[in-house]
Amino acid sequence: IDEVVDVRGAMTVNKGAEVSIESNGDVNVKGGTLVNDGTIEVDGKFAMLDAQGTTVASAGQNMTNNGTFIDNVGSTIGGATQYMNQNGEYICKVNSEYRLSEAYINKTACSTIQFVELETSPATTSYNYVFTATPVQHNGEHVKIIVDVANVTFTPGKAITIGDLTVNSGADLEIAKTSTSTVNKVQVLNTITVAGDINVTGDFKTATGVVNMTADNMTVNKGGTAKFENRTSQTDKTMEISSTIEVKNGATFTITDATGSNLPAYITCTKLIEGGTFNGKPEVIL
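Fair warning: this is a prediction, and the values are worked out from it, not measured in the lab.

J.: Can you explain the environment of N221? Please cite residues and give values.
T.: Structurally, N221 is set in the loop between β26 (217–220) and β27 (225–228). Residue classification places N221 among the buried residues on the basis of a relative accessible area of 17%. Taking the C-alpha atoms as reference, N221 lies 44 Å from V7; in sequence the two are 214 residues apart. Side chain to side chain, N221 and T201 meet in a polar contact 3.3 Å long. At 3.4 Å, the side chain of N221 and the side chain of K248 are in polar contact.

J.: Describe the environment of V42, and please don't skip the residues or the numbers.
T.: Mapped onto the secondary structure, V42 falls in strand β6 (residues 39–42). The sequence separation of V42 and I267 amounts to 225 residues, and the corresponding C-alpha distance is 41 Å. Ignoring sequence-local partners within four residues, the contact set of V42 consists of I21, F69, I70, D71, N72, S75 and I77.

J.: Go over the nonpolar core with me, naming the residues and quoting the values.
T.: Residues F46, I113, F115, F154, L165, F204 and M218 are the most contacted members of the largest nonpolar core, which totals 67 residues. With sequence-adjacent residues up to four places away left out, F46 is seen in contact with I21, V27, V29, L34, M63, F69, T76, I77, G78 and T81.

J.: Can you explain the sheet that holds strand β2 (residues 10–13)? Please cite residues and give values.
T.: Read from one edge of the open sheet, four strands run β2-β5-β8-β11, paired in parallel fashion. Unpaired on one side and paired on the other, β2 and β11 (85–86) mark the two borders of the sheet. Note that strand β5 (residues 33–36) and strand β8 (residues 63–65) share three bridges and pair parallel. Looking across to β8, one finds that V35 is bridged to T64.

J.: Now, about the sheet that holds strand β1 (residues 4–7): what can you tell me, with residues and values included?
T.: The four strands are arranged β1-β4-β7-β10 in an open sheet whose pairing can be described as parallel. For this open sheet the edge positions go to β1 and β10 (76–77), each flanked by a neighbour on one side alone. Inspection of the sheet shows strand β7 (residues 45–49) paired to β10 by two bridges, in the parallel sense. Within β10, the residue paired with K45 across the bridge is T76.

Calculation notes
Residues numbered from 1 in each chain as written. Predicted model: local features only at pLDDT ≥ 70, side-chain atom pairs only at ≥ 80, totals over all residues. Heavy atoms only, no water. Helix = DSSP H or I, 4+ residues; strand = E, 2+ residues; numbered from the N terminus. Buried < 20%, exposed > 50% of the residue type's maximum accessible area, 1.4 Å probe, protein only. Polar contact = N/O pair within 3.5 Å; in protein donor to acceptor, adjacent residues only side chain to side chain. Contact = heavy atoms within 4.5 Å. Core = buried A, V, L, I, M, F, W, Y, C linked by side-chain atoms within 4.5 Å. Pairing = 2+ DSSP bridges.

Spatial relationships are all this shows, so hold off on functional conclusions.
Listed below in structure tokens is the structure:
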């Protein structure tokens, strides 16, 4: 769709169907209903409005998303859309700290944040996300994170919790050194809690000094690497996996050797499935 379209009746996007709203497209559902069982991808404008063309929260409830709704960088999504009946996947693509904060604060129907590259010339070569906005639950669940670009760093500016963390093939993610901040006059550790699983097909790395990162499971897939740099603390764990670490055939898991006064990373799990290459292993705690 690359023109202005008003929807006043009932519209259904069937399973397997795709609707693409191009950069010049402007779709407005005015008092009508929209059921998405397929995929709607927005590069232009999309809005849920009442019959008079006004943005009201109740208009958003005329949309039910059972499929996938993709909110691309540069798109304009009407505010009422965030009140949709969200049963599917709402992917918000992000390429800046501002866009990341917007996804958490304003895109409350968003279920997944996907980190993508800037469309610049020359292309941006590295991205550092500090999470200046506190990640909050959307629809009662922590937002899933997908890294789909190379040279990404997460620097937790505060203690944060996210949903499943996925690093796709061709992408790489480094978790920067854990730091502390003051919250209500109490010092807290700025670490990342993954309320779900870590899945790596690209490259995943924790920098020296990262401690107290947690997740339910961790899987390193064929072609993927997971590398853990040294600890500077003798007592803290680098990462605690509450269930299973699996390193599949063709994947690599590395714990960097101690250097100077620093100690090797300390990774724990309750089950280890060995298929790939290990340079140092996590400790299995029964």
